[in-house]
Amino acid sequence: MAVLLLLLPLLLLLPLLLKLDLWPQLRWLLADLAFTVRALRCKRALRDRALAAAAADPESPEGGCSLAWRLAHLARERPTHTFLIHGARRFSYADAERESNRAARAFLLARGWAGGRGGSGTGSTTEEGARAKAPGAGDSAAGGGTTAPPLVPGATVALLLPAGPEFLWLWFGLAKAGLRTAFVPTALRRGPLLHCLRSCGASALVLAPEFLESLEPDLPAMRAMGLHLWATGPETHLAGISNFLSEAAAQVDEPVPGFLSAPQSMTDTCLYIFTSGTTGLPKAARISHLKVLQCQGFYQLCGVHQEDVIYLALPLYHMSGSLLGIVGCLGIGATVVLKPKFSATQFWGDCQQHGVTVFQYIGELCRYLVNQPPSQAEHGHKVRLAVGSGLRPDTWERFVRRFGPLQILETYGMTEGNVATFNYTGQQGAVGRASWLYKRIFPFSLIRYDVMTGEPIRNAQGHCVATSPDEPGLLVAPVSQQSPFLGYAGAPELAQGKLLKDVFRPGDVFFNTGDLLVCDKQGFLHFNDRTGDTFRWKGENVATTEVGEVLEALDFLQEVNVYGVTVPGHEGRAGMAALALRPPQALDLVQIYAHVSDNLPPYARPRFLRLQESLATTETFKQQKVRMAAEGFDPSALPDPLYILDQDVGAYLPLTPARYSALLSGDLRL
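Residues numbered from 1 in each chain as written. Predicted model: local features only at pLDDT ≥ 70, side-chain atom pairs only at ≥ 80, totals over all residues. Heavy atoms only, no water.

Engineer: So what's going on with the pattern of salt bridges? Which residues, and what values?
Structural biologist: Taken as a whole and judged by the stated rule, the model has 22 salt bridges. Its salt-bridge partner being arginine 78, residue glutamate 307 comes within 2.7 Å of it at the nearest N-O pair. Of this pair, glutamate 307 sits in the loop between α14 (298–301) and β10 (309–312) while arginine 78 sits in the loop between α5 (66–77) and β1 (82–86), and the two are 229 residues apart along the sequence. Among the ionic pairs, aspartate 648 bridges to arginine 669, the shortest N-O distance being 3.0 Å. Highlighted residues: aspartate 648 in the loop between β29 (642–646) and β30 (651–654) and arginine 669 in the segment after α23 (657–665), separated in sequence by 21 residues. What you see here is one network of salt bridges that share partners, running through Arg610, Arg627, Glu631 and Asp640. (Salt bridge = Lys/Arg side-chain N within 4 Å of Asp/Glu carboxyl O. Helix = DSSP H or I, 4+ residues; strand = E, 2+ residues; numbered from the N terminus.)

Engineer: Explain the side chain of threonine 467 residue by residue, including any values.
Structural biologist: By the element assignment, threonine 467 lies in the loop between β19 (455–456) and β20 (473–478). Looking at threonine 467, the relative accessible area reads 18%, which means it is buried. Ignoring sequence-local partners within four residues, the contact set of threonine 467 consists of Leu446, Ile447, Arg448, Pro472 and Gly473. (Buried < 20%, exposed > 50% of the residue type's maximum accessible area, 1.4 Å probe, protein only. Contact = heavy atoms within 4.5 Å.)

Engineer: Before we move on, can you summarise the sheet that holds strand β26 (residues 557–565) with the specific residues and values?
Structural biologist: Across the sheet, which stays open at both edges, the five strands sit in the order β26-β27-β28-β29-β30 with mixed pairing between neighbours. With partners counted over all chains shown, the strands left at the sheet margins are β26 and β30, one partner each. Strand-to-strand twist of the sheet, defined as the mean angle between neighbouring strand axes without regard to direction, takes the value 25°. As defined by bridge partners, strand β27 (residues 574–581) adjoins strand β28 (residues 608–612) across five bridges and the pair is classed as parallel. By the bridge assignment, leucine 579 is partnered in β28 with leucine 611. Relative to β26, helix α20 (residues 544–552) is tilted by about 150°, and along the sheet it contacts β26 and β27. Contacts between helix α21 (residues 589–599) and the sheet are confined to β27, β28, β29 and β30, with β30 contributing the most and set at about 140° to the helix. (Pairing = 2+ DSSP bridges. Axes fitted to C-alpha atoms, helices over the stretch in contact; angles between N-to-C directions.)

Engineer: How would you explain empty space enclosed by the protein if you had to name every residue and give the values?
Structural biologist: All chains considered together, the criterion is met by three cavities of 30 Å³ or more. The volume enclosed by the largest cavity comes to roughly 80 Å³. Taken together, Cys65, Ser66, Leu67, Trp171, Ala175, Leu179, Thr181, Cys270, Leu271, His289 and Val292 make up the lining of the largest cavity. Breaking the lining of the largest cavity down by element, the ones donating at least two residues are α5, α8 (165–176), β8 (269–275) and α13 (289–295). The class makeup of the residues in the lining of the largest cavity is eight nonpolar, three polar and no charged. (1 Å grid on protein atoms, 1.4 Å probe; cavity = no way out; pocket = protein on both sides within 12 Å on 5 of 7 lines; lining within 4 Å. Points joined across faces, edges and corners; volume = space filled by probe spheres on them. Nonpolar A, V, L, I, M, F, W, Y, C, P; charged D, E, K, R; others polar.)

Engineer: Summarise the pairing of β10; cite the residues concerned and give the values.
Structural biologist: Here β10 shows two buried faces, one formed by Val309 and Tyr311 and the other by Ile310 and Leu312. With four bridges connecting them, β10 and strand β11 (residues 335–338) associate as parallel partners. By the bridge assignment, tyrosine 311 is partnered in β11 with valine 337. With respect to chirality, the unit in which β10 leads through helix α15 (residues 319–332) into the neighbouring parallel β11 is right-handed. Here β10 runs beside strand β12 (residues 358–362); their pairing, made up of three bridges, is parallel. Residue pairing for β12: leucine 312 is matched across the bridge by glutamine 360. (Right-handed = clockwise from strand over helix to strand, strands pointing away.)

Engineer: Describe the environment of valine 565, and please don't skip the residues or the numbers.
Structural biologist: Note on placement: valine 565 falls in strand β26. A sequence separation of 65 residues divides valine 565 from alanine 630, and the C-alpha atoms of the two residues are 7.4 Å apart. Dropping the residues within four chain positions of it, valine 565 is found in contact with Arg573, Ala574, Met576, Phe608, Ala629, Gly632 and Phe633.

Engineer: Before we move on, could you go through the state of the cysteines and cite the residues and values that matter?
Structural biologist: Here the structure, examined in full by the defined rule, presents zero disulfides. Here cysteine 270 stays free of any disulfide, with the sulfur of cysteine 65 as its closest cysteine sulfur at 7.1 Å. (Disulfide = S-S within 2.5 Å.)

Engineer: Tell me about the sheet that holds β11, and please be specific about residues and values.
Structural biologist: With respect to topology, eight strands assemble into an open sheet ordered β2-β1-β11-β10-β12-β13-β14-β15, the strand pairing being mixed. Two strands lie at the open edges of the sheet, namely β2 (89–92) and β15 (420–422), each paired on one side alone. Across the sheet, the mean angle separating the axes of adjacent strands is 20° when strand polarity is ignored. Judged from the four bridges that link them, β1 and β2 form a sheet pairing that is antiparallel.

Engineer: Describe the packing of α5 against α8, with residues and values.
Structural biologist: In the contact formed by α5 and α8, the axes pass within 8 Å of each other and the chain directions differ by 115°. When the interaxial angle is binned, α5 and α8 end up roughly perpendicular. Where α5 crosses over α8, the two elements pack in a sense that is left-handed. Contacts between α5 and α8 involve Leu67, Ala68 and Leu71 from the first element and Trp171, Phe172, Ala175 and Lys176 from the second. Taken together, the residues that form the contact of α5 with α8 break down as six nonpolar, no polar and one charged. (Parallel < 35°, antiparallel > 145°, perpendicular 65-115°, else oblique. Left-handed = near helix turned anticlockwise from the far one by under 90°.)

Spelled out as structure tokens, the structure:
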């Protein structure tokens, strides 16, 4: 009735609105209203959950953090409903509760918890206190015949695990035990891996047995850091690495008291997710209890229901896989099919086998699917909704035409950010809406940005200027108690540039996403570009400074300039490195390939190399990244020697016109 009363005056004013050219935005009013109602209901439900947890008996599991509360609630309300499908294994919500209880008790044993109220929840120990009490270099460590000191309340335990049930049980168990979790990207080794462990102040590491061989050179440094080391299996004979799963199996599966994990404040840090930035090495973004609670509403906002089956083939160390995919599934009590690694050839068969109705994507996955030859399995599926981010308009149209009818719901968000957008109308190519209704619930603004200076444009009063329709602008969002920015673990300067002050009025503070978006005349948001030196490839952010530092370690290279180039038919930008040799050295492509393979994750390895006598700089001696990226990698247009990474051969090969044509036709894989 309230909606009808709101619409009545609008209908009466329709002729005037048409004259004023307001119809392009108002034509979507019903969709805006419907999403607003859904968002308000979602917010109310999440608030009720938080209040229920706060009011619960501290001794009960429902008196703990939002994850503990939700798992206990689902285990009671939907105990036999399938929560997780992983290969041939199925786990109900009751199974998830029991397995995570065992994991929690194993971690509590390592914490030295004897069952009392002393040393309760994560809020009882500040991060600084936890880090100070955590074992450091020179302390007795796991390994070498010694025993690691007990974990302190609020300590950080890093997980280096593939996507699977064990990842989830350990994550949930750590949350219940009042310990912080750090999701370490599984491709990291050597310096980047050790940097991640140090930056989040990890006291322990749980790793997969299949990673042990590649991690063996890193183990001495880990032991020197005083890390308590576990593996998720018995396949290790290395001293000082315990089998965590056997320790957990020895525990009872009874719930643990909620007071162990109950936060003092919803903005307390409970999780670290690593994200690449322009500073080079990964940064440990702080994830709060509030953000975990908010992510329980993700699939509800997308219109997904508890009887849906969600297909998830994204890494769990990413926010999209863990917080949106898994926590979002918990939020509605649905079923998730967890695939350790995406396979375009198996996708539709998996969907048919498990009755998948919802698919969570990044843009690359959809492109892989449309590039597959037709198969019988792609017909007659039940997938009705694809939710994700980074889908290019051309792939979008091909995907829907070939695999429809289904709805695409493109979203935008950041791991450390405080703003998200939803394209709930399905408008092709858009990442969201900028209606006044949406911005009342999830406020944000687009402001004018000077690409040359890398700073927002300000008026005579020193305030930022909002963009006009169809004008690219920097996406910013106000920082408040309801939408805070927690920054990163480590030095405060890691967050430099992420906060803007005096944006529209003196004293206000906004989060700077570093992304340029465009709002068209109909109120749809379109992604435009990323500021800074970070580009995106294979669904990952790649910092050019990190790649450059790795290459510069080679003694025959004098200068390196890393940037991203657009490749036809591919999402994001592929890494390219311009190289200048150190006289009188020669180019050693074999050593470059071996070096980047050892020191960079697969997505960060440059796909193209360009050899130059000297590297161009600006008047202020900054490298010419924009111009170099625009020049691309066409061997017929550039005078310099060019090379391409051939992953099948495992080497950098000359980029000949024939290989360039094969790349454009899709016959050469990047």
